[in-house]
Amino acid sequence: SSFSTMTANIRNVSKGLVDSWKNSVGLVEIEKRAGRAEITLQKLALTSLKNAEIQRQIRDDETKTFAERIEANQKLNDILVDQLNAEKNVQFIIIEKARAQYKLNKNEENFLALEQAKIGLLEIEERITGQLSEQKTNQVALTKEQQEAENELRRRLKNSKSSRNSRSWKKWSRGCTKCIYKRFR
């Protein structure tokens, strides 16, 4: 009976060692993935920043057409949405690593690392959401600017017609009724 208890204890310890070994091997793989993910996250953030800035420059370039500027602003939106999704996916791997470390060893350091990884996800969401907000504000401003330009063009065309109409009146007043008839037909 004490032998069977000892045997059971040895089995439990042995199983615990095998589980620990499996967990440590799994943790090593997770750590490798997370290390690569952190590098990918840095590259992705920098590439997205560059691409987003290029689109911002096109959007803000008043020598470009409204169509070009609106297209650039839409591309900026697409870049930011893609960046948000990609960065979140990478951050989930980092959270997975911290969670695995905490699961293996529930100490304060691992708990804090897990919470910091979760905060990293919130930081990504906050940063990209702020940039998306700026993009949407600029979309509204571009639409308003385009509408104002169209209104100004309409006003100028109307004034141009008015000035042509007044010239026609002068011609008519000098006896050129045919000219007026053609202008107002």
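Residues numbered from 1 in each chain as written. Predicted model: local features only at pLDDT ≥ 70, side-chain atom pairs only at ≥ 80, totals over all residues. Heavy atoms only, no water.

Student: I tried to follow the overall build of the protein chain on my own but got confused; where do I start?
Tutor: Per the secondary structure count, the protein chain includes four helices and zero strands. Each helix (α) and strand (β) of the protein chain, taken in turn from the N terminus, gives the series α-α-α-α. Going through the 185 residues of the protein chain one by one, you find that 23% of them count as buried. Accessible surface computed for the protein chain: about 13,300 Å², of which carbon and sulfur atoms make up 56%. (Helix = DSSP H or I, 4+ residues; strand = E, 2+ residues; numbered from the N terminus. Buried < 20%, exposed > 50% of the residue type's maximum accessible area, 1.4 Å probe, protein only. Areas by Shrake-Rupley, 256 points an atom, 1.4 Å probe, with all protein chains shown as cover.)

Student: Would you mind going over the pattern of salt bridges with me for this structure?
Tutor: Side-chain pairs of opposite charge can arise where the charged atoms are in close proximity. A complete count under the given rule lists eleven salt bridges for this structure. Of the charged contacts in the structure, one is a salt bridge between Glu134 and Arg56, with a shortest N-O distance of 3.4 Å. Remark: Arg56 occurs in helix 1 (residues 2-60) and Glu134 occurs in helix 3 (residues 108-173); sequence separation between them is 78 residues. Between Arg59 and Glu134 there is a salt bridge whose closest N-O contact spans 3.3 Å. (Salt bridge = Lys/Arg side-chain N within 4 Å of Asp/Glu carboxyl O.)

Student: I'm lost on the environment of Leu84 in this one. Help?
Tutor: Tracing the backbone through its elements, the reader meets Leu84 in helix 2 (residues 66-104). Residue class for Leu84 comes out buried when judged on its relative accessible area of 15%. When neighbours within four sequence positions are excluded, Leu84 is seen to be in contact with Ile124, Glu125 and Ile128. (Contact = heavy atoms within 4.5 Å.)

Student: Would you take a moment to explain the side chain of Arg56 for this structure?
Tutor: On the basis of relative accessibility, which here comes to 13%, the residue Arg56 falls in the buried class. With near-sequence residues (within four places) excluded, Arg56 lies in contact with Leu76, Leu80, Gln131 and Glu134.

Student: How should I be thinking about the confidence of the model for the protein chain in this particular structure?
Tutor: Averaged over all residues, the pLDDT of the protein chain equals 79, while 74% of them reach at least 70. Mean pLDDT in the protein chain bottoms out at helix 4 (residues 177-184), which sits at 35, and peaks at helix 2, which reaches 91. Confidence drops under a pLDDT of 50 for residues 172-185, and excluding neighbours within four residues, the segment shows nine contacts in the predicted structure. (pLDDT = per-residue confidence, 0-100.)

Student: Got a minute to help me understand the side chain of Arg59 in this structure?
Tutor: Among the structural elements, Arg59 can be located in helix 1. Looking at Arg59, its side chain comes within polar contact range of the side chain of Asn73, at 3.2 Å. Once you skip the residues sitting within four places of it in the chain, Arg59 turns out to touch Arg69, Ala72, Asn73, Leu76, Glu134, Gln135, Asn138 and Leu142. (Polar contact = N/O pair within 3.5 Å; in protein donor to acceptor, adjacent residues only side chain to side chain.)

Student: Sorry if this is basic, but what is going on with the environment of Thr129 here?
Tutor: Its place among the elements puts Thr129 in helix 3. With 45 residues separating them in the primary sequence, Thr129 and Leu84 have C-alpha atoms 8.3 Å apart.

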